[in-house]
Amino acid sequence: QAGETFNIQSPKQLGVILFEKMHLPYAKKTKTGYSTAADVLEKLAEEAPIVQDILSYRQLAKLKSTYADGLHAFIAKDGRIHGTFNQMVTATGRISSTDPNLQNIPVRTKLGRELRKVFIPRDGYVFVDADYSQIELRVMAHISGDEGLLRAFREGRDVHRATASEVFGVDIEHVTSQQRRMAKVINFGLIYGMSAWGLRQNLGVEKGVAEHYIEQYFARYPKVKRYMEDIRNQARTHGYVQTAFGRRLWLPDIASSRIPVQKAAERAAINAPMQGTAADLIKKAMVAVQKWLQETGAKSRLILQVHDELILEVPEEEVETVREALPRLMSGVAELKVPLVAEVGVADNWEAAH
DNA sequence: GCGATCAGCC
DNA sequence: ACTGCTGCTGATCGCT
């Protein structure tokens with residue numbers, strides 16, 4: 001379709017084909033040339049069929065090279081993959097995973113999820129998988145002390161639905177799936193320190209509309225707004241921010257004269273207490289689970305952590321005990337202003353247990 | 001060997 | 001993206 005041979009895996013060559021030879025409109029540039037990132041290409045897919053093929057190629061190439069071939073190379077003689085977890089890498093207190101990275105195994109697409117099915121327990125065992133529900137938003141409710149957000153979690157509400165109801169001014173039972181989807185983008189955006197401009201890019205609405213949504217959000221959840229302001233000031237005054245348990249992130253760039261650098265530090269200041277408190281909580285849970293396993297003499301073993309999720313390999317005879325204990329231990333690691341909820345699944349492969 | 005780009009996850 | 005959504009790791013390109 002390009003009319004010539006080129007390396008589809010080279011963003012540089014692809015940029016020349018799409019934006020110089022085919023004269024497609026380019027949305028943005030990187031420091032080295034045209035951007036061919038997925039969000040840019042998606043907007044061009046209708047105009048030129050080759051673009052959809054490139055997006056498809058990239059998805060398949062990623063799954064094959066990083067996961068299908070990549071993971072296969074790590075299978076040890078015992079038939080298992082033994083990765084490495086790093087405790088001294090991230091700025092926020094999360095752990096990270098390498099060789100291979102077991103914390104970014106596909107889950108989003110149908111084809112990607114096929115790769116999760118290859119993770120299976122040893123004979124006679126199953127996986128018990130529990131993940132914290134909305135942990136970072138619960139931490140945001142706790143740290144900000146916002147009454148509306150606290151109430152939503154205490155009443156066991158679907159928080160994205162509750163947000164949609166407040167932002168769009170409709171009754172909770174009249175929230176449409178599209179409104180809920182938009183509220184979800186707003187909620188995650190807030191955790192990341194997103195601006196109206198960023199929200200506009202994400203939702204594909206006019207900037208004024210995005211501004212209106214944020215305005216409505218802060219009117220309904222005023223202490224969340226207050227938190228965003230306070231945490232920036234705290235970062236400027238002290239040079240660091242901290243989690244609910246006192247883990248500090250130092251932010252020297254908060255005083256940078258380069259505005260983009262300063263803004264990036266502000267986003268980190270907003271995000272780190274929430275991401276970091278969540279990381280502290282799951283670390284406490286890992287300690288509690290390991291202690292429980294040792295005290296009860298269980299044969300079950302903790303085999304993986306994925307930021308808000310713990311996976312145990314559990315012998316059949318311990319399934320009912322662990323299914324009860326794991327979410328209980330995870331919920332019980334701290335008394336926040338909102339309940340900590342963990343959802344549990346049991347299956348004979350990772351995809352089905354999650 | 002390394003920076004840049006892209007794509008996977010939370 | 002000369003503001004523009006956090007934190008990571010890995011594959012690949014294209015250069016030194």
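For every chain, the first residue of the written sequence is number 1, and numbering continues from 1 onward in sequence order. Here every chain gets a letter starting at A, and every ligand a number starting at 1, in the order they are written. At least 70 in pLDDT is required for a residue's local features to be given in this predicted model, at least 80 for side-chain atom pairs to be given and counted, and no such filter applies to totals for whole chains, interfaces and linings, which use all residues. Where side-chain values are given, they derive from all heavy atoms of the structure, hydrogens and water being excluded.

*Asks:* Could you give an account of the protein's contact with DNA strand B, with specific residues and numbers?
*Replies:* Near, as used in this document, describes a residue that has one of its heavy atoms within 4 Å of the molecule or strand being considered. Near DNA strand B there are 23 residues, and of these Thr36, Lys62, Arg94, Val107 and Arg108 occur at the shortest range. Sugar plus phosphate, as a fraction of atoms of DNA strand B within 4 Å of the protein: 84%. Thr36 is positioned with one of its backbone polar atoms (N or O) 2.6 Å from a phosphate oxygen of DNA strand B. Polar contacts here mean pairs of N or O atoms no more than 3.5 Å apart (in protein, one a potential hydrogen donor and the other a potential acceptor; neighbouring residues in sequence count only if both atoms are side-chain atoms). Lys62 places a polar side-chain atom, nitrogen or oxygen, 2.8 Å from a base nitrogen of DNA strand B. In this text, helices come from DSSP runs of H or I with a minimum length of four residues, and strands from runs of E with a minimum of two, each type numbered from the N-terminal end. Ranked by residues supplied to the surface near DNA strand B, first place goes to helix α3 (residues 49–72) with 4 residues. Taken together, the residues that form the surface near DNA strand B break down as 7 nonpolar, 9 polar and 7 charged. Each residue is assigned to one class: nonpolar for Ala, Val, Leu, Ile, Met, Phe, Trp, Tyr, Cys and Pro, charged for Asp, Glu, Lys and Arg, and polar for all the others, Gly among them.

*Asks:* Run through the domain arrangement of chain A, naming residues and quoting values.
*Replies:* Here chain A is described as being made up of domain 1 (1–73), domain 2 (83–144 + 268–353) and domain 3 (145–267). Of the residues lining the interface, 6 residues belong to domain 1; the matching set on domain 2 comes to 10 residues. Throughout, the accessible surface (probe 1.4 Å) given up by two parts as they are put together, summed over both, is called the buried area. For the domain 1 and domain 2 pair, buried surface summed over both sides reaches about 610 Å², with 80% attributable to carbon and sulfur atoms. The largest share of the area that domain 1 buries against domain 2 comes from Leu63, Tyr67 and Leu71, three residues that together contribute 76% of it. One side-chain nitrogen of Lys or Arg within 4 Å of one carboxyl oxygen of Asp or Glu is enough to make a salt bridge. Here domain 1 and domain 2 share 0 salt bridges between them. Across the side of domain 1 that touches domain 2, the residue classes tally to 5 nonpolar, 1 polar and no charged. Each domain span listed reflects an automatic or database assignment of domains. The criterion used for residue contact is that any of the two residues' heavy atoms lie within 4.5 Å.

*Asks:* Explain the protein's contact with DNA strand C residue by residue, including any values.
*Replies:* For DNA strand C, the set of nearby residues contains 35 residues, the closest of which are Ser10, Lys29, Thr30, Trp197 and Asn202. Between DNA strand C and Ser10, the relevant distance is 2.3 Å, taken from a phosphate oxygen to a side-chain nitrogen or oxygen of the residue. Between a phosphate oxygen of DNA strand C and a side-chain N or O atom of Gln13, the distance comes to 3.3 Å. Residue assignment for the surface near DNA strand C shows that the elements contributing at least two residues are α1 (11–21), α3, β2 (96–98), α9 (196–203) and α12 (259–296). Within the surface near DNA strand C, the residues separate by chemical class into 7 nonpolar, 21 polar and 7 charged.

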